[in-house]
Amino acid sequence: QVRLVESGGGLVQPGGSLRLSCAASGSILSIYAMGWYRQAPGKQRELVAGITPGGSTAYGDSVKGRFTISRDNAKNTVYLQMNSLKPEDTAVYYCNADTVITIESPRQPMDYWGKGTLVTVSS
């Protein structure tokens, strides 16, 4: 029904930048929050950043001031601009769409996850 596809991951040197994108497709009527989570080897998945349709944002403490989340509501797409990357930012980054209402299930909102994109920060 709903598919989230991330792109933009890769290998970058410390101090560098990357921009992640996540496009949601399917018979979507509306999406509440969209966001990015990450999971490093041996660690729990953690919130990186989230954004509401109105543009309110929230960031994990470790990325504040370095990462910026944005959203194109018309395209059901969310972006994550990552600057001043550090080795500890290395992780698989997952896109999340929260409270998605579809044509098929207008009264049963659901959450969806992408498959993840790997970001490696290393010299």
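A. Structural detail: the overall build of the protein chain. The helix and strand tally for the protein chain stands at zero helices and twelve strands. The C-alpha atoms of the protein chain give 14 Å as radius of gyration, which agrees with the globular expectation for 123 residues (14 Å, within 12%). Burial status across the protein chain gives 42% buried among its 123 residues. When the accessible area of the protein chain is evaluated, it comes to approximately 6600 Å², of which 49% is carbon and sulfur surface.

B. The arrangement of the side chain of arginine 71 in detail. Among the secondary structure elements, arginine 71 is positioned in strand β8 (residues 67–72). One buried charge, arginine 71, has no salt-bridge partner; the nearest side chain with opposite charge is aspartate 72, at 8.1 Å. Side-chain polar atoms of arginine 71 contact the backbone oxygen of isoleucine 31, separated by 2.8 Å. Within the structure, the side chain of arginine 71 is placed 3.1 Å from the backbone oxygen of isoleucine 51, a separation counted as a polar contact.

C. Here's a closer look at the nonpolar core. One finds Trp36, Val48, Phe67, Val78, Leu80, Met82 and Tyr93 to be the most contacted residues of the largest nonpolar core, which totals 30 residues. Elements supplying a minimum of two residues to this core: β3 (18–25), β4 (28–31), β5 (34–39), β6 (46–51), β8, β9 (77–82), β10 (91–102) and β12 (117–121). Ranked by the residues each element gives to this core, the list is headed by β10, at five residues. With sequence-adjacent residues up to four places away left out, valine 48 is seen in contact with Trp36, Tyr37, Arg38, Ala58, Tyr59, Gly60, Val63, Phe67, Leu80 and Tyr93.

D. Spatial organisation of the environment of threonine 68. Position of threonine 68 relative to the elements: it lies in strand β8. Residue classification places threonine 68 among the partly exposed positions, given a relative accessible area of 43%. For the pair formed by threonine 68 and arginine 19, sequence separation is 49 residues and the distance between their alpha carbons is 9.4 Å. If we ignore the near neighbours within four places in the chain, the residues touching threonine 68 are Tyr59, Tyr79, Leu80 and Gln81.

E. Representation of the state of the cysteines. Counted by the stated rule, this structure contains one disulfide. Disulfide pairing places cysteine 22 opposite cysteine 95 at an S-S distance of 2.0 Å. The sign of the -80° torsion about the S-S bond sets the cysteine 22-cysteine 95 disulfide as left-handed. Of the two residues, cysteine 22 is situated in strand β3 and cysteine 95 in strand β10; the sequence distance between them amounts to 73 residues.

F. Structural detail: the packing of aromatic side chains. On inspection of all chains with the given rule, the structure shows one aromatic pair. Over the aromatic face of tryptophan 113 sits the side chain of arginine 45, whose NZ or CZ is 4.7 Å from the ring centroid.

G. View of the sheet that holds β9. Spatially, four strands are ordered β1-β3-β9-β8 in an open sheet, and the strand pairing comes out antiparallel. Lying at the two open borders of the sheet, with one neighbouring strand each, are β1 (3–7) and β8. Strand after strand, the sheet turns through a mean of 15° between neighbouring axes, direction not considered. Where β8 lies against β9, six bridges are found, and the strand directions are antiparallel. Residue isoleucine 69 lies in a different strand from β9, and its bridge partner there is leucine 80.

Here is what the cut-offs are and how they apply
Residues numbered from 1 in each chain as written. Predicted model: local features only at pLDDT ≥ 70, side-chain atom pairs only at ≥ 80, totals over all residues. Heavy atoms only, no water. Helix = DSSP H or I, 4+ residues; strand = E, 2+ residues; numbered from the N terminus. Rg over C-alpha atoms; globule rule 2.2 N^0.38 Å. Buried < 20%, exposed > 50% of the residue type's maximum accessible area, 1.4 Å probe, protein only. Areas by Shrake-Rupley, 256 points an atom, 1.4 Å probe, with all protein chains shown as cover. Lys, Arg positive; Asp, Glu negative; His and termini not counted. Salt bridge = Lys/Arg side-chain N within 4 Å of Asp/Glu carboxyl O. Polar contact = N/O pair within 3.5 Å; in protein donor to acceptor, adjacent residues only side chain to side chain. Core = buried A, V, L, I, M, F, W, Y, C linked by side-chain atoms within 4.5 Å. Contact = heavy atoms within 4.5 Å. Disulfide = S-S within 2.5 Å. Phe/Tyr/Trp six-rings, centres within 6.5 Å; stacked < 30°, edge-to-face > 60°. Lys NZ or Arg CZ within 6 Å of the ring centre and 35° of its normal. Pairing = 2+ DSSP bridges. Axes fitted to C-alpha atoms, helices over the stretch in contact; angles between N-to-C directions.

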